[in-house]
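Single-letter residue listing:
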Amino acid sequence: EQMQADVRRHFKIPPTVFYPQPKVDSALVGLHFWGPAELRKRLMGVDPSDLRRVVTAAFQQRRKTVRNGLKQLVLKDICDGDKERAKALLQSAPLPLPTRGVKGFTKALPADWASKRPEELSPGQFVELTRLLFGPADGVVDETKPLGKKVWRKLKHGD
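Read on for an overview of the structure. (Residues numbered from 1 in each chain as written. Predicted model: local features only at pLDDT ≥ 70, side-chain atom pairs only at ≥ 80, totals over all residues. Heavy atoms only, no water.)

### As for unusual backbone geometry
Rules: Segments assigned H or I by DSSP are reported as helices when at least four residues long, segments assigned E as strands when at least two residues long, and all are numbered from the N terminus. Relative accessible area decides the class of each residue, using a 1.4 Å probe on protein chains only: under 20% of the type maximum gives buried, over 50% gives exposed, and in between gives partly exposed.
Backbone torsion omega between tyrosine 19 and proline 20 reads -10 degrees, so that peptide bond is classified as cis. Tracing the backbone shows proline 20 in the loop between β1 (5-13) and β2 (26-33). The backbone of aspartate 80 sits at a positive phi, close to 50 degrees, despite the residue not being glycine. With respect to the secondary-structure elements, aspartate 80 resides in the loop between α3 (66-78) and α4 (83-90). You can call aspartate 80 exposed: its relative accessible area is 65%.

### Overview of the packing of helix α2 (residues 48-59) against helix α5 (residues 123-134)
Here is the rule: In this description, a line fitted to the C-alpha atoms serves as the axis of each element, helices being fitted only across the stretch in contact, and the angle between N-to-C directions of two axes falls anywhere from 0 to 180 degrees. Convention used here: angles under 35 degrees read as roughly parallel, angles over 145 as roughly antiparallel, angles from 65 to 115 as roughly perpendicular, and any remaining angle as oblique. Contact between two residues is taken to exist if any of their heavy atoms lie within 4.5 Å; hydrogens are not considered. Ten residues, namely Ala, Val, Leu, Ile, Met, Phe, Trp, Tyr, Cys and Pro, are considered nonpolar, four, namely Asp, Glu, Lys and Arg, are considered charged, and the remaining ones, Gly among them, are considered polar.
Between α2 and α5, whose axes approach to 9 Å, the crossing angle comes to 105 degrees. Considering their axes alone, α2 and α5 lie roughly perpendicular with respect to each other. Contact residues: Asp50, Leu51, Arg53, Val54, Val55, Ala58 and Phe59 in α2; Phe126, Val127, Leu129, Thr130, Leu133 and Phe134 in α5. Here the contact of α2 with α5 is composed, by residue class, of 10 nonpolar, 1 polar and 2 charged.

### Structural notes on the environment of lysine 71
Locating lysine 71 in the fold gives a position in helix α3. Lysine 71 sits 18 residues away from leucine 89 along the chain, and the two C-alpha atoms are 9.8 Å apart.

In structure tokens form, the structure reads like this:
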């Protein structure tokens, strides 16, 4: 399951239809973006901008563990420079899953989440990690809070 859209591979495209022929296989992929209501359920009350900050920080430096990738974000933005509080937060146990998650998407954060590499966590686990760092939302979905703009569309299409 993906966070923003349902991704489907419609069919494979053989290299013979291209000139010059590539040395890779191709496929036609379709994206069906979730509507605001479904996206809010998937985020389980997490602020989309906080989630983006966590994902960006975790993947910012190659080959770092989640703990090391998030260290500066936690120290500066969440703990206001308090090193002891930041250390405790980066060593804390995962929160219990909210009862109102999306089946198949909501995933519990592993106990050793800090020592994992970012690519080892699922999108649902990044939502849980954001809940852990920025405070639990208890799965309460705020229908009035804006989800923000899809920046990639603006940059790509000039809207």
